[in-house]
Amino acid sequence: MRLALPRWTGPLAVKAAVFITVMCCGLAALLGVLVHVSVTNRTVGQARDAALSRLGEATESYEAGDPLRRGAGIDPAGLPRQLRELAASGRRGTMLAEYAGRPTMWAAGPADGGRALAVRVDHSQGQATIDGLDGTLVWSSALAIGATLLVGAFAVTRVTRRLHTTARVARRISAGDLDARVGDPRAQDPTRPQDEVASVAAALDSMASSLQGKLLAEQRFTADVAHELRTPLTGLHAAAELLPPGRPTELVRDRVAALRTLTEDLLEISRLESGRERPATEPEELGALVRRVLRGSGTDTRVDVVRDARVETDRRRLERVLGNLVANAHRHGRAPVVLTVDGAVITVRDHGDGYPQYLLAHGPQRFRTEGGTKGHGLGLTIALGQAEVLGARLEFTNPPDGGALARLTLPQQP
């Protein structure tokens, strides 16, 4: 089973922990090797000096014809072959080897008849000292690595936790929550030292405030323009009704109606962007609702009810969303246009050239259409805004076999 880690432990924390561990292990290994080599050389050197000293005493006793002391002898058993050959050649030397299962320092020199005079010194205590030092180095290095890793992980995770908070706020801002702020204490207190994370948090908060101010100013401008246009348009509509019948009158009335529709759409967008719209929900049968929408649209749209559903929704807003999707499919796509109900999922499919790439990548944009088509590009923007008020998800895709597909997923109620 895979171990579940906290969300703030990302790749940066793992990489930092691995780096600290590797560096600590490398440093501990280097220091351990240096200490081991130094102590081993000193211990072995002392044993070698003691063995050579005893070899000198044994040589004097042998030359004087006195009996050799214990641990000395001529060609003794266990004498390493290399050391025996060295003594036979007329030279003296030492060698550390095993004797009777114990570490022993040998010293040998030439004797008469091509033989070797050798002495041995027990090296068990020196070897035990080296082994004890090695064990102490291993345990102390492990403790030092563990302590360093804990301290380093604590320091790194504090930074990664702050970065994760900053990233979460950035995602909230990109999702439309312009009130989200990081509020890093280091960035808010000028007396505290500023690090890179605090600088990023302060820059993100400043960007969010600036963006919020510009969007609010744009929303106010749109709402003010729409409100100011309503009064002259009302008078213009009344004046158009007094014109005598004829083709010019029809053109004037048509343009006045288009301006009134545009003004109402702008006012609706302003209300949606204000974030104060709330749905008035009640139980609705989706099959009956979509048929009512299509009857009101006056379009030749086919309805497929795969699985009907009863949901809690705002009927007026849902009819607005579906009406705009159907109108857009007939205006910018090609027949047949099919509206499908499958539970809480409603799709509107046409068989035209599909949605433009900018819409698939960034969503609907106001006053933007392609291909020279008529319209002011507010229908899908309003549909998306009303879907958000309903708590629904509206997605735009181009099916592989051509056409455009809008999928509206309504929230499920128990």
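Residues numbered from 1 in each chain as written. Predicted model: local features only at pLDDT ≥ 70, side-chain atom pairs only at ≥ 80, totals over all residues. Heavy atoms only, no water.

Per an unreviewed UniProt entry, the protein is named histidine kinase, and its organism is Streptomyces rubrogriseus. Per UniProt, the protein has the following entry under Catalytic activity (unreviewed entry): "ATP + protein L-histidine = ADP + protein N-phospho-L-histidine." (UniProt positions renumbered as here; feature names shortened; annotations may be inferred.)

Caption draft 1: Fine view of the layout of surface pockets. Put simply, the largest pocket is a space of about 1,400 Å³. Taken together, 43 residues form the lining of the largest pocket, with Gly176, Gln219, Leu272, Glu273 and Glu388 sitting closest to its centre. Considering each element in turn, the lining of the largest pocket owes the most residues, nine residues, to helix H5 (residues 196–241). Split into classes, the residues belonging to the lining of the largest pocket amount to 19 nonpolar, 12 polar and 12 charged. (1 Å grid on protein atoms, 1.4 Å probe; cavity = no way out; pocket = protein on both sides within 12 Å on 5 of 7 lines; lining within 4 Å. Points joined across faces, edges and corners; volume = space filled by probe spheres on them. Helix = DSSP H or I, 4+ residues; strand = E, 2+ residues; numbered from the N terminus. Nonpolar A, V, L, I, M, F, W, Y, C, P; charged D, E, K, R; others polar.)

Caption draft 2: Summary view of the packing of helix H8 (residues 315–332) against helix H10 (residues 379–390). Two elements in contact, H8 and H10, have axes separated by 9 Å at closest approach and are oriented at 150 degrees. With respect to each other, H8 and H10 are oriented roughly antiparallel. The handedness of the crossing between H8 and H10 is left-handed. Residues Arg317, Leu318, Arg320, Val321, Asn324, Leu325 and Asn328 of H8 lie in contact with H10, whose contacting residues are Gly379, Leu380, Ile382, Ala383, Gln386, Ala387, Val389 and Leu390. The residue inventory of the contact of H8 with H10, partitioned by class, reads nine nonpolar, four polar and two charged. (Axes fitted to C-alpha atoms, helices over the stretch in contact; angles between N-to-C directions. Parallel < 35°, antiparallel > 145°, perpendicular 65-115°, else oblique. Left-handed = near helix turned anticlockwise from the far one by under 90°. Contact = heavy atoms within 4.5 Å.)

Caption draft 3: A look at the UniProt feature "domain: HAMP" (unreviewed entry) in the protein. The sites that UniProt annotates as "domain: HAMP" (unreviewed entry) are residues 157–216. Overall, residues 157–216 shows 72% helix and 0% strand. The separation of its end C-alpha atoms is 37 Å.

Caption draft 4: Structural context of the sheet that holds strand S10 (residues 393–397). Spatially, five strands are ordered S6-S8-S9-S11-S10 in an open sheet, and the strand pairing comes out mixed. If you trace the sheet from one side to the other, it starts and ends with strand S6 (301–307) and S10, each paired once. Ignoring which end each strand starts from, the neighbouring axes of this sheet average 15 degrees apart. The sheet contacts of helix H7 (residues 286–297) involve S6, strand S8 (337–342) and strand S9 (345–350), and relative to S6 the element is tilted by about 175 degrees. Lying on the sheet, H8 is in contact with S6, S8, S9, S10 and strand S11 (404–409); it crosses S9 at an angle near 20 degrees. (Pairing = 2+ DSSP bridges.)

Caption draft 5: Region of interest: the packing of aromatic side chains. In this structure the tally under the stated criterion is two aromatic pairs. Plain terms: the ring middles of Tyr355 and Phe396 are 5.3 Å apart, the flat faces sit at 80 degrees to each other, and that makes the pair edge-to-face. Of this pair, Tyr355 sits in the loop between S9 and helix H9 (357–362) while Phe396 sits in strand S10; the two residues are 41 residues apart in sequence, bridging distant segments of the chain. (Phe/Tyr/Trp six-rings, centres within 6.5 Å; stacked < 30°, edge-to-face > 60°.)

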